[in-house]
Each structure stands twice: as C-alpha cells, then as structure tokens.
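Breakdown of the fold
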Amino acid sequence: DDRLLATRTISANPPTISNVELVGASDPVSGTVTLQWQASDPDGDALRYDVFYTGDNGATYTAYALALPTERVELDTLQMAGSAQARFRVIANDGTRTAEAESATFTMASKPPSVYFLTPQDGLEVTYGTQINFTVEVEDLQGHVPDASMTWYLNGATTGMNGPSYTAY
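Summary of the structure given here. (Residues numbered from 1 in each chain as written. Predicted model: local features only at pLDDT ≥ 70, side-chain atom pairs only at ≥ 80, totals over all residues. Heavy atoms only, no water.)

1. Some remarks on the side chain of Thr-34
Looking at the element boundaries, Thr-34 is found in strand S2 (residues 32-40). A distance of 2.6 Å separates polar atoms of two side chains, one belonging to Thr-34 and the other to Glu-74. Not counting the four nearest positions on each side in its chain, Thr-34 is found in contact with Glu-21, Leu-22, Val-23, Arg-72, Val-73 and Glu-74. (Helix = DSSP H or I, 4+ residues; strand = E, 2+ residues; numbered from the N terminus. Polar contact = N/O pair within 3.5 Å; in protein donor to acceptor, adjacent residues only side chain to side chain. Contact = heavy atoms within 4.5 Å.)

2. Concerning the pattern of salt bridges
One pass over the full model with this rule turns up four salt bridges. Where Arg-87 meets Glu-102, a salt bridge forms, and the shortest distance between an N and an O atom there is 2.5 Å. In this pair, Arg-87 sits in strand S6 (residues 83-93) while Glu-102 sits in strand S7 (residues 98-102), placing the two residues 15 residues apart along the sequence. For Glu-102, a relative accessible area of 28% gives the class partly exposed. Of the charged contacts in the structure, one is a salt bridge between Glu-100 and Arg-89, with a shortest N-O distance of 3.4 Å. (Salt bridge = Lys/Arg side-chain N within 4 Å of Asp/Glu carboxyl O. Buried < 20%, exposed > 50% of the residue type's maximum accessible area, 1.4 Å probe, protein only.)

3. Remarks on the packing of aromatic side chains
In the structure shown here, the tally under the stated rule is nine aromatic pairs. Ring centres of Tyr-53 and Tyr-64 lie 6.2 Å apart, and the angle between their planes is 85 degrees; this geometry places the pair in the edge-to-face category. Placement of the pair is Tyr-53 in strand S3 (residues 48-54) and Tyr-64 in strand S4 (residues 62-68), with a sequence separation of 11 residues. In this structure Tyr-53 comes out as buried when scored by relative accessible area, which is 4%. Connected via pairs of aromatic rings, a cluster forms that spans Tyr-53, Tyr-64, Phe-88 and Phe-106. The residue whose ring lies beneath Arg-89 is Tyr-61, and the NZ or CZ to ring-centre distance is 4.0 Å. (Phe/Tyr/Trp six-rings, centres within 6.5 Å; stacked < 30°, edge-to-face > 60°. Lys NZ or Arg CZ within 6 Å of the ring centre and 35° of its normal.)

Spelled out as structure tokens, the structure:
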C-alpha cells in the first residue's frame, strides 16, 4: 500500500567500552565472580551488553550473559573450562551499532570431569554371579577424555580395564 509502518533513527556513532575486569577474583579464578566494565554512547542511546568467555586464548567464545542492562554481572564459573589463557569479552550494543572490549588474560581454575552412568539403570537388582555391564559417559570442560585414561576400579583396586565400558560378574 506504500504506507510507512515504522521508522527508527540509526545512531551516528557506535558506543564505546573499556576496562573489562574481574573484581576481587581469586587466582586461579573460581566460584562466583563479578565482572565489570565502563561503557557509554555518544548519541545517548541505551546500551545492552553481551558477555562471552574464552578458555582457548580467543579461538572460540561461549555466551554466558546476554542483553544485560548494567555494566556489571555476577558469573558462576562452574561451567567454564579451566585455562591459563582465559578472558571475558563484553559487547556493547546501542540497538544498531556495537563495540567490544576484553579483560586481561587470567587463569580459570580447572574443574574435575563429570561421570554419568548410562547402564545399569538406578535400582537394578541382580543375583550373585549375574553379569552386569557398566557404561559411563565422561564430560570434561577442559576437553576430550581419551578412553585409555578411563580406568575401572573394584573395591579400591584397579581392574586393569580402561574405557567407557566394563563387565562385572
């Protein structure tokens, strides 16, 4: 119908952001931490912030907080991979333009792997002498866990078996 439905003025200038830093964090970093930064917009636009984490010196980033309205956030590091080359990246967005800045590199504490039993199912009851197949899945935030590094123990002693599966009698 050639009718104008909406208009929006695009900012002439991008926002600015700087001083992305952890406040009072331990070394290595662990637990809940406070990340803060400074940002402004020369056009006076309201800003929203996205926070990303890298544990591989910037090769990849994972989003941890999106569309924040403030220049500060509390982050639980429990699901962040341990690394000696960790950083946070914060992106400021004024609705059309963006700016980004990163924290200094820091050491994020490593986390232990998590082991999940796939078989047998909880509550399984068997009689003495019955074969039981155990299968696990191992997740490690620091990376892949090779089968050879998974060792099965029985009553505190190694069984000599490695890998995600073990059969007991």
